[in-house]
Amino acid sequence: DFEKHNSCESINGPTVKMISEISASFSANICIPIIEIDDGIMYNTAVYMNRRGHIAGKYRKIIPTLGEVEQGIRPGNVTQKPIDLDGIRIGTAICFDENFPDLIWNYIDSGVDLLVFPSYTYAGSLMRSWAFNCGVPLVCAFPWESIIYDRDGNVLAEAGTHTTTVQFGYHP
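What counts, and where the lines are drawn
- Residues numbered from 1 in each chain as written.
- Predicted model: local features only at pLDDT ≥ 70, side-chain atom pairs only at ≥ 80, totals over all residues.
- Heavy atoms only, no water.
- Pairing = 2+ DSSP bridges.
- Helix = DSSP H or I, 4+ residues; strand = E, 2+ residues; numbered from the N terminus.
- Axes fitted to C-alpha atoms, helices over the stretch in contact; angles between N-to-C directions.
- Contact = heavy atoms within 4.5 Å.
- Patch = residues over 30% accessible without salt bridge, like charges linked within 9 Å, V, L, I, M, F, W, Y side chains within 5 Å.
- Areas by Shrake-Rupley, 256 points an atom, 1.4 Å probe, with all protein chains shown as cover.
- Salt bridge = Lys/Arg side-chain N within 4 Å of Asp/Glu carboxyl O.
- Buried < 20%, exposed > 50% of the residue type's maximum accessible area, 1.4 Å probe, protein only.
- Polar contact = N/O pair within 3.5 Å; in protein donor to acceptor, adjacent residues only side chain to side chain.
- pLDDT = per-residue confidence, 0-100.

**Student:** What exactly am I supposed to notice about the sheet that holds strand β1 (residues 30–38) here?
**Tutor:** Paired through their backbone hydrogen bonds, the strands of a sheet run either parallel or antiparallel. Spatially, the three strands line up as an open sheet ordered β1-β2-β3, and their pairing is antiparallel. Two strands close off the open sheet at either side, each with one partner strand: β1 and β3 (55–60). Pairwise comparison of adjacent strand axes, ignoring direction, gives a mean angle of 30 degrees for this sheet. Where strand β2 (residues 41–49) meets β3, five bridges bridge the pair, whose relative direction is antiparallel. By the bridge assignment, A46 is partnered in β3 with Y59. Strand contacts of helix α1 (residues 14–26): β1, β2 and β3, with the helix running at about 160 degrees to β1, the strand carrying the most contacts.

Here's what the structure looks like:
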């Protein structure tokens, strides 16, 4: 299946290399979602770059949608470890993962300090409840709308539907 998808790449592919350079030049931690190919298997993956432009870790989406499964994307491991950036333990959920609150227990048990939710769709109240239930801030990044919740689920910052975003030709 993966040969049909020209948008997938390895963890050392061009998107991650580009973000690595940006991360290093701005001394910024960055999370970049990609469709990863690893040993012929596709994953919906969030890759974390540290301030030096090195890969700090990655998270593979645990619950792919039916459409993703039909395209060859496979689930990541249920017990993925948090990513450490600057001493902050980051838990991740991607898109459809939000609909499965049982995944929250892994983050509560791991003692995360921050949750990051890259997605193609807006999760609204579900992600607010993830922040509240885990007791940590949560950053939601969407192609056209993003939001940051505090540990109590209150909105700290919000970017509306008319906010300029970085697009690579994959979003409307």
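Moving on, there is more to tell.
**Student:** I'm lost on a nonpolar patch on the surface in this one. Help?
**Tutor:** A cluster of nonpolar side chains, namely M18, I22 and F26, defines an oily patch on the protein surface of about 290 Å² accessible area. Note on placement: I22 falls in helix α1. On the basis of relative accessible area, I22 is assigned to the partly exposed category, the value being 34%.

**Student:** What exactly am I supposed to notice about the environment of D84 here?
**Tutor:** Within the secondary structure, D84 is located in strand β4 (residues 83–85). In sequence terms D84 and A56 are 28 residues apart; their C-alpha atoms lie 7.0 Å from each other. Not counting residues within four places of it along the chain, the set of residues in contact with D84 comprises A56 and R89. Among the polar contacts listed, one links the side chain of D84 to the backbone nitrogen of G87, at a separation of 3.3 Å.

**Student:** Before we go on, may I ask you to explain the confidence of the model for the chain in this structure?
**Tutor:** Low pLDDT means the predicted atomic positions in that stretch should not be read closely. When pLDDT is averaged along the chain, the result is 85, and 87% of the positions lie at 70 or above. The weakest mean pLDDT in the chain belongs to strand β9 (residues 155–159) at 80; the strongest belongs to β3 at 97. With pLDDT under 50 throughout, residues 165–172 is counted as low confidence; its partners more than four residues away or in other chains account for nine contacts.

**Student:** How should I be thinking about unusual backbone geometry in this particular structure?
**Tutor:** Residues apart from glycine generally show negative phi values, whereas peptide bonds are mostly found in trans. Here the phi dihedral of S27 falls at roughly 50 degrees; this positive angle occurs in a residue that is not glycine. Its place among the elements puts S27 in the loop between α1 and β1. Positive phi outside glycine occurs at D86, with the angle close to 55 degrees. Along the polypeptide, D86 turns up in the loop between β4 and β5 (88–92).

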